[in-house]
Amino acid sequence: MGRRTGNGTRALLTLALAAVMTGCTAGQDAAGPADAASRRTHGKGSSGGFVVQYRTGGKAASATAYLRTRRILDKAAERLNDTVKVPHRIPFVVRSCGAAEPAYDSETGTIDFCAEHVDEIRDRFAHVGQGVGQGADRQGDPDAADAHVAAVLEETAYHESAHALIDRLGLRFTGREEDVADQLAAVLLIGQGRAGETKALAAATDYALAAKETPFDPADLLDEHSLDGQRAANYACYVYGVQPARHEDLVGAGGRVTEDRAEGCPDEWEQARSGWQQLLAGHLKRQV
Ligand SMILES: [Zn+2]
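So, here's what we can say about the structure. (Residues numbered from 1 in each chain as written. Predicted model: local features only at pLDDT ≥ 70, side-chain atom pairs only at ≥ 80, totals over all residues. Heavy atoms only, no water.)

A short note on the overall build of the chain
Quick note on the threshold: Per the convention used, a helix needs a DSSP run of H or I reaching at least four residues, while a strand needs a run of E reaching at least two, with both numbered from the N terminus. Only protein chains enter the area calculation, which uses a 1.4 Å probe; residues under 20% of their type maximum are buried, those over 50% are exposed, and those in between are partly exposed. Only heavy atoms enter the contact rule, under which two residues are in contact if any of them lie within 4.5 Å. Note on areas: Shrake-Rupley, 1.4 Å probe, and residue coverage restricted to the protein chains presented here.
Helix and strand counts for the chain come out as 12 helices and 4 strands. Here the chain holds 288 residues, and the buried ones make up 51% of them. A fraction of 69% describes how many contacts in the chain between residues 6 or more apart in sequence connect residues 24 or more apart. Per element, the accessible surface of the chain, about 12,700 Å² overall, is 51% carbon and sulfur.

A short note on the state of the cysteines
Put simply, the test is: In this description, the term disulfide denotes a pair of cysteine sulfurs within 2.5 Å.
Scanning the entire structure with this criterion turns up 2 disulfides. Here Cys 97 engages in a disulfide with Cys 114; their sulfurs sit 2.2 Å apart. With the S-S dihedral at roughly -100°, the linkage between Cys 97 and Cys 114 falls on the left-handed side. Residue Cys 97 is found in the loop between strand E2 (89-95) and strand E3 (103-105), and its partner Cys 114 is found in strand E4 (residues 110-114); the two are separated by 17 residues along the sequence. Across the pair, exposure class does not vary: Cys 97 and Cys 114 are buried alike.

Describing the packing of aromatic side chains
For clarity, the cut-off: Aromatic contacts are taken between Phe, Tyr and Trp rings whose centres are within 6.5 Å, Trp giving its six-membered ring; a plane angle under 30 degrees counts as stacked, one over 60 as edge-to-face, and the others as tilted.
Taken as a whole and judged by the stated rule, the model has 4 aromatic pairs. With a centroid separation of 6.4 Å and 75° between ring planes, the pair formed by Phe 92 and Phe 113 is classed as edge-to-face. One end of the pair, Phe 92, is in strand E2; the other, Phe 113, is in strand E4, with 21 residues separating them in the sequence. Like Phe 92, the residue Phe 113 is buried in the burial classification.

Examining helix H7 (residues 142-168)
Going by this rule: Multiplying one less than the number of residues by 1.5 Å gives the expected span of a helix.
Counted at 1.5 Å a residue, the expected span for H7 with its 27 residues is 39 Å, and the 39 Å between its end C-alpha atoms agrees. Within H7, 21 of the 27 residues are buried, which leaves the element mostly enclosed by the surrounding structure. Among the residues trailing H7, Gly 170 stands out with phi positive, at a value near 65°.

Re a nonpolar patch on the surface
As a reminder of what qualifies: The patch calculation keeps residues exceeding 30% relative accessible area without a salt bridge and links them within 9 Å when they carry like charges or within 5 Å when they are nonpolar (Val, Leu, Ile, Met, Phe, Trp, Tyr). One side-chain nitrogen of Lys or Arg within 4 Å of one carboxyl oxygen of Asp or Glu is enough to make a salt bridge.
A grouping of Phe 216, Leu 221 and Leu 222 is seen on the molecular surface, where their side chains present a nonpolar patch of about 380 Å² in accessible area. Along the chain, the position of Phe 216 falls in the loop between helix H9 (194-213) and helix H10 (228-242).

A closer look at unusual backbone geometry
If you check the backbone angles, Arg 71 has positive phi at about 55° while not being a glycine. Within the secondary structure layout, Arg 71 lies in the loop between helix H4 (61-70) and helix H5 (72-83). Overall, Arg 71 belongs to the partly exposed group, its relative accessible area being 26%.

The values are spatial; any link to function lies outside them.
In structure tokens:
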């Protein structure tokens, strides 16, 4: 269920081991008191909706401060609650998990938003801070790098929320759940307009960097997730598909989408958007 694999099966095994060794299961301290931010993002006038719970201190301190200051998860929860009516309370629990594997836990109905994942993304963009902005004028701009980190973490939140919605609302679909979850993340990001397209491209960049960092292992083909390089191409295809004229630089040599695929990207985007629109029929407060 985790957002990323990097090294797929190995990461999942590590997570499972960490869970056994450290008791890192979402349910154990998810029942703790929600803080003010959590109450603010709580579904209005009902007991359901996405909320945020911060576990402060220890290894999670830096990540918690980062997320809290920027209200990344609080804003994501607000957007989700403004979009979908969900009768269940679904907490994002910010905590140290022992691995950089955020995941929805279907047993507890909570989303573990691992501090290690936040640290990993910050670290990744800190080391490749050059050239992550859109255009040469933003190269090396720490604000641009920071915006990318925030965008990637927002994408993580939506990806994991898709698993939660699929489980809690009993949604039925075809294809791989991990791909379907990425599609909801793309829909919720790109639906924000031009700024959202930039956020989705940040997610594409992050997956492309992860693919570069991790040597290909044939075992990754057996994983439930698509390869990081494929996920990067999918996000880029959706962004190109929504506004081809604006994103011609994504296509062909030096881009993230092949010319062959680019032709079908408007349809791919529309399938993803209208597919989720249908999946959430009866649960939507507004169109996606
Ligand atoms: Zn997932």
